[in-house]
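Summary of structural features
These are the residues of each chain, in order.
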Amino acid sequence: MYEKELGSALLAKTGIDVESMFEKPKDPKMGDLALPCFRLAKTMHKAPQLIAEELAPIIKEEAFVSDVEVVNGYVNIRFDRQEMARIALSNLNNENIAISDEGNGKTITIDYSSVNIAKPFHIGHLSTTVIGGALYRIFTHLGYKVVGINHLGDWGTQFGKLIVATKKWSSLEEVSEKGVEFLNGLYVKFHQVAKEEPSLEDEARAEFKKIEDGDKEATKYYEVFKKITLDEVGKIYDTLKIKFDSYNGEAFYNDKMEACLDILREKNLLVQSDGAWVVDLEKYGMPPCLLIKADGATLYATRDIAAAYYRAKTYDFYKNLYVVAYQQNLHFKQLFKVLELMGFAKYADCEHIAFGMVSLEDGAMSTREGRVVWLKDVLNQSVEKAKEIINEKNPNLEDKDKIAQSVGIGAVVFSALYNQRIKDITFSLDKVLNFDGETAPYIQYAYARCKSIIRKAGNINTSNIDFACLTDDETYAIVKDILSFKEAVQTAARLREPCVVSRHIMTIVSDFNRFYIDHRIVDQEEKIKNARLALVSITANVIKEGLTLLGIDAPEVM
Ligand code: ARG
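Residues numbered from 1 in each chain as written. Predicted model: local features only at pLDDT ≥ 70, side-chain atom pairs only at ≥ 80, totals over all residues. Heavy atoms only, no water.

1. A look at the site of the ligand
Put simply, the test is: Residues are counted as near a molecule or strand when any one of their heavy atoms sits within 4 Å of it. Between N or O atoms, a polar contact is any pair within 3.5 Å; within protein, one atom must be a potential hydrogen donor and the other a potential acceptor, and residues adjacent in sequence are included only when both atoms are from side chains. Using a 1.4 Å probe, accessible areas were evaluated by the Shrake-Rupley method; residue-level cover was limited to the displayed protein chains.
Neighbouring the ligand are the residues Asp111, Ser114, Asn116, His151, Tyr300, Asp304, Tyr322, Val324, Gln328 and Phe332. One of the side-chain N or O atoms of Tyr300 is found 2.7 Å from a nitrogen atom in the ligand. Contact distances for the ligand include 2.7 Å between a nitrogen atom and a side-chain N or O atom of Asp304. Across the complex, the protein chains shield 87% of the 350 Å² of accessible surface that the ligand would expose by itself.

Structure follows, in structure tokens:
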């Protein structure tokens, strides 16, 4: 915080650029910022201590600096707490203090969730969906134009299998009525039976060929499968507050691959290998990228090449992000390399935003054995459990169902946004709903507490706040959290890490709770009460802004 301001002031006055050298002291008692002068010693040919002594008075000149101290080659800098409180509270009536226009309307495409039609939408899809959704909101907040893309897995031989299974053991009517879980059951049954009766596989291939050839009946089946899947995931997207600007999936690129393959042929990049066509990537330490199978069928990678070209042409993206599990690291490395070799201008602006696996505490998840944990069930269970907890803690609460929904869903969402993306997470309902843990309910509860304090206390005189009342350590910690919130949102965007936001709000909440234990707010002298209420009010705003960016509700009461 304020490294930039101090850095440019020093640069202007001394010609020395120190902006990147500031450190945040581990112990806040040492000050707000420290400038170690050791690296400068080389270029300035002076002892660090001497340099620190020279720079200290210049730093002191800044209005927001109250005190500097030179210790062992460091300048320890203390900000003027009253001034900091004033700056923080100047945003009192602003509910979105982190909004900015740094994106300047540049377009970012985000490929996320990208579900597979007729396959289960399971707990493993939680991360891509909510990380993508959070990045969508964060970039939008910062003035980017964001295009959310659900690159549906809506093409492939599974559709032939589903047609065969539906015809044999069910009907379109039944499938439409019973939905995607039932359809998935048919899919599993197909594989079981096909083990004994391999001819089913040929039938399935023939049915898929019919879809490819545009056969009316086969296409009708295909459309129904797609519709029931999208109806089902659509409900989950609503619950999770997730939206997309495009549902162009793999099938959309059926007629767009040939042009890309032509480029590859022109550049002699497509070589034959056992009847298939591949791009050789040995030079780059990767296995070949398979683009056309021996039977002429195109692949996932072929479609992704076409999609990259399409996105560049259609959206003229500044960055093109893919929020996909790290299991696909190789796929994206190959994809980006092939794009580079093809001369695709924006290959370097494509980024794989990888994330780790979600497993359940009892190891209950195994797609292969058909032990699938549907995301819908997890969300429902979480809401049920939230309801139980609320009934226990606050049975007279109005609108219990609605609040249980906000808490239950928020808890699950938050759990996928609280760690660095790449880490694997073990999911447990008890953990994510623990009101005393590092969870969404803990944050939501703090928010509701702030709101309740304000409701009970009545009006805040916003035009007459005595900032001198806001300088004690606990208050100052919150003031700093508020002042650095915008930077946290920017960092989250730069690193494509929503956890920078979730961690920041967690810090605000813990600092607020510490403050709340140590200080009375209402039965106080009027000016102290007013100043503290103002602080509570802006704290609540920032918590809500953060939760909203993550896609989590902030109920006013809990
Ligand atoms: N449907 C794919 C899967 O479930 C994810 C697609 C990701 N996006 C992409 N453009 N490849 O594995």
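2. Thoughts on the nonpolar core
Note the following rule: In this text, buried Ala, Val, Leu, Ile, Met, Phe, Trp, Tyr and Cys residues form a nonpolar core when linked through side-chain atoms within 4.5 Å. Relative accessibility thresholds used throughout: buried, under 20% of the residue-type maximum; exposed, over 50%; partly exposed, between the two (1.4 Å probe, protein chains only). Each helix corresponds to a stretch of at least 4 residues labelled H or I by DSSP, and each strand to a stretch of at least 2 residues labelled E; elements are numbered beginning at the N terminus.
Within the largest apolar cluster, 163 residues are counted, with the highest numbers of intra-cluster contacts made by Leu35, Ile77, Phe79, Ile110 and Phe225. Of all the elements, helix α21 (residues 526-550) adds the most residues to this core, at 13 residues. Formed by 31 residues, the second largest nonpolar core is a distinct cluster that contains Met257, Leu261, Leu270 and Ala312.

3. Section: helix α11 (residues 257-266)
This is how it is decided: Arc, as used here, means the arc of the directions from the helix axis to the C-beta atoms.
Buried within α11 we find Met257, Cys260, Leu261 and Leu264. The buried side chains of α11 occupy one side of the element, clustering within an arc of 100° when seen end-on. Phi turns positive one or two residues past the end of α11, at Asn268, with a value near 55°.

4. Here's the deal with the sheet that holds strand β6 (residues 270-273)
The line we're drawing: DSSP calls a pair of strands paired once it identifies at least 2 bridges connecting them. A fitted line through C-alpha atoms represents every axis, and for helices the fit uses only the stretch in contact; the resulting angles, taken between N-to-C directions, go from 0 to 180 degrees.
Spatial strand order, β6-β7-β8: three strands in an open sheet with antiparallel pairing. The open sheet is flanked by β6 and β8 (289-292), the only strands paired with a single partner. For this sheet, the mean angle separating the axes of adjacent strands, direction not counted, is 45°. Bridge count between strand β7 (residues 276-279) and β8: three bridges; the pairing is antiparallel. Bridge pairing in β8 links Val279 to Cys289.

5. Let's talk about a negative patch on the surface
Heads up, the condition is: Only residues whose relative accessible area exceeds 30% and that take part in no salt bridge are eligible for patches, with like-charged residues grouped when within 9 Å of each other and nonpolar side chains (Val, Leu, Ile, Met, Phe, Trp, Tyr) grouped when within 5 Å. Take a side-chain nitrogen of Lys or Arg and a carboxyl oxygen of Asp or Glu: if they are within 4 Å of each other, that pair is a salt bridge. The convention is simple: Lys and Arg are positive, Asp and Glu are negative, and His and the chain ends are not counted. One atom stands in for each charge, and that atom is NZ of Lys, CZ of Arg, CG of Asp or CD of Glu.
On the surface, Glu5, Asp17, Glu19 and Glu487 cluster together into a negatively charged patch. On the secondary structure map, Glu487 appears in helix α19 (residues 485-495). A relative accessible area of 37% means that Glu487 is categorised as partly exposed.

6. Focus on the sheet that holds strand β2 (residues 65-71)
Counted only if it meets this: We call two residues in contact whenever any of their non-hydrogen atoms come within 4.5 Å of each other.
If you trace the three strands from one edge of the open sheet to the other, you get β1-β3-β2, paired in antiparallel fashion. Edge positions in the sheet fall to β1 (33-36) and β2, since each has one partner strand and no second. Here the average twist between neighbouring strands, direction ignored, is 20°. Where β2 and strand β3 (residues 74-79) come together, six bridges link them in antiparallel fashion. Each residue of the ladder has a partner; that of Glu69, found in β3, is Asn76. Seen against the sheet, helix α1 (residues 3-14) touches β1, β2 and β3 and runs at an angle of roughly 40° to β1.

7. Quick notes on unusual backbone geometry
Phi at His45 is positive, roughly 50°, even though this residue is not glycine. You can see His45 is positioned in the loop between α2 (38-44) and α3 (48-60). Taking relative accessible area as the criterion, His45 reaches 70% and is therefore assigned exposed. Positive phi, close to 55°, is recorded for Asn268, a residue that is not glycine. The exposure class assigned to Asn268 is exposed, which follows from its relative accessible area of 64%.

8. Section: helix α18 (residues 473-483)
Counting buried positions along α18 gives eight out of 11 residues, so the element sits mostly inside the fold. All of the buried residues in α18 are Thr475, Tyr476, Ile478, Val479, Lys480, Asp481, Ile482 and Leu483. As for α18, its buried residues are in contact with β3, α4 (81-89), α19, α20 (499-518) and α21. Sitting at the head of α18, Asp472 places a side-chain oxygen 3.2 Å from the backbone nitrogen of Glu474.

9. Notes on the pattern of salt bridges
Here the structure, examined in full by the defined rule, presents 35 salt bridges. Here Glu174 ties to Lys178 by a salt bridge, and the two come within 2.7 Å at their closest N and O atoms. In this pair, Glu174 and Lys178 are both assigned in helix α7 (residues 172-178), four residues apart and thus about one turn of the helix distant. Note that Asp213 and Lys209 form a salt bridge whose closest N and O atoms lie 2.9 Å from each other. Residue Asp213 is classed as exposed on the basis of its relative accessible area, which comes to 56%. When its relative accessible area of 44% is taken as the criterion, Lys209 is described as partly exposed. Counted as one network, the salt bridges with shared partners bring together Lys167, Glu207, Lys210 and Glu217.

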